[in-house]
Amino acid sequence: MSWSQKKKKVYLYDSWSKTRGKDFLNVKEKSKTDSYSYLDMDHTKKNLKDFQKFLIFNKGYIPEIFKTSKNPKKICWLHIDLNASKPTLNTLNFFYYRIERKGVILIDDYADDNYIETRKLIDKFFRGKKDILMQLPTGQAIIFKN
């Protein structure tokens, strides 16, 4: 069965603009702000045009965007690449219980020295949970939900 026959949807969340207030980020995260601000929503849509019927774009800042956007009820795959610890934790808090058993979470920046706070928050979030968390050689973390 192909992807299109399964009728899966991909939900994308991004500000597609500059990082918001510097008080929202810790010291190391501030040095990385706006590295990707050139990637506006139109640019992203153009890059993903072959998949447009599967995509749902949610523009805004995390966590506020979760309150006003169309969100999935169940998730089998969650990829978090936010370059900021607080929004990463907000995303985990919002989506974790929607992730199906044996679902996968991929988190960028887990082992990057610029994002030590992200790693600490992730480790604390998963402490006591039965999920499997592994650091990948890429510096990412992959979590398999039990």
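So, a few notes on the structure that sits alongside this text. Residue positions are counted from 1 within each chain, in the order its sequence is given. Only residues with pLDDT of at least 70 are given local features in this predicted model, and only at 80 or more are side-chain atom pairs given and counted; all residues enter the totals for whole chains, interfaces and linings. Excluding hydrogens and water, the side-chain values take into account all heavy atoms of the structure.

Quick look at the sheet that holds strand S5 (residues 132–135)
In spatial order, the strands read S3-S4-S6-S5; together these 4 strands make up an open sheet with mixed pairing. Both outer strands of the open sheet, strand S3 (75–80) and S5, are each paired with one neighbouring strand and no more. Strand-to-strand twist of the sheet, defined as the mean angle between neighbouring strand axes without regard to direction, takes the value 10 degrees. Following DSSP output, two strands are said to pair if at least two bridges run between them. Helix and strand definitions follow DSSP, with helices as H or I runs of at least four residues and strands as E runs of at least two, each counted in order from the N terminus. Bridge analysis of S5 against strand S6 (residues 141–144) gives 4 bridges, and the strand direction is antiparallel. Across the sheet, the residue bridging to Gln 135 is Ala 141, located in S6. Contact criterion: two residues are considered in contact whenever any of their non-hydrogen atoms come within 4.5 Å of each other. Only the stretch in contact is used when fitting a helix axis, every axis being a line fitted to C-alpha atoms; angles between N-to-C directions are given from 0 to 180 degrees. Sheet contacts for helix H6 (residues 116–126): strand S4 (99–107), S5 and S6; angle to S5, the most-contacted strand, approximately 155 degrees.

A look at the pattern of salt bridges
Salt bridge, as used here: a side-chain nitrogen of Lys or Arg that lies within 4 Å of a carboxyl oxygen of Asp or Glu. This structure, assessed with the given rule, holds 2 salt bridges. A salt bridge links Arg 119 to Asp 123, with the nearest nitrogen and oxygen atoms 3.8 Å apart. Of the two residues, Arg 119 and Asp 123 are both situated in helix H6; the distance of 4 residues between them amounts to about one turn of the helix. Only protein chains enter the calculation, and the probe is 1.4 Å; a residue is then buried if its accessible area is under 20% of its type maximum, exposed if over 50%, and partly exposed in between. In this structure Asp 123 comes out as partly exposed when scored by relative accessible area, which is 27%.

Brief notes about the nonpolar core
By convention a nonpolar core is built from buried Ala, Val, Leu, Ile, Met, Phe, Trp, Tyr and Cys residues, the set being connected through side-chain atoms within 4.5 Å. Counting 19 residues, the largest nonpolar core has Leu 78, Leu 92, Ile 105, Ile 107 and Phe 126 as its most contacted members. Breaking this core down by element, the ones donating at least two residues are helix H4 (64–68), S3, helix H5 (85–95), S4, H6 and S6. Residues within four places of Ile 107 in sequence aside, it is in contact with Ile 80, Thr 88, Leu 92, Ile 122, Gln 140, Ala 141 and Ile 143.

Thoughts on the side chain of Asn 58
Inspection of the secondary structure puts Asn 58 in strand S2 (residues 55–59). For Asn 58, a relative accessible area of 5% corresponds to the buried category. Two N or O atoms form a polar contact when they lie within 3.5 Å of each other; inside protein one atom must be a possible hydrogen donor and the other a possible acceptor, and for residues adjacent in sequence the pair counts only when both atoms belong to side chains. For Asn 58, the side chain forms a polar contact with the main-chain nitrogen of Lys 70, separated by 3.4 Å. Excluding its chain neighbours within four sequence positions, the residues that come into contact with Asn 58 are Tyr 11, Leu 12, Tyr 13, Asp 14, Trp 16, Ile 65, Ser 69 and Lys 70.

Digging into H6
Taken as a whole, H6 has its buried residues at Thr 118, Ile 122, Phe 125 and Phe 126. The buried residues of H6 occupy an angular sector of 85 degrees when projected down its axis, which confines them to one face. Gly 128 lies just past H6 and shows a positive phi near 85 degrees. The arc refers to the directions leading from the helix axis to the C-beta atoms.

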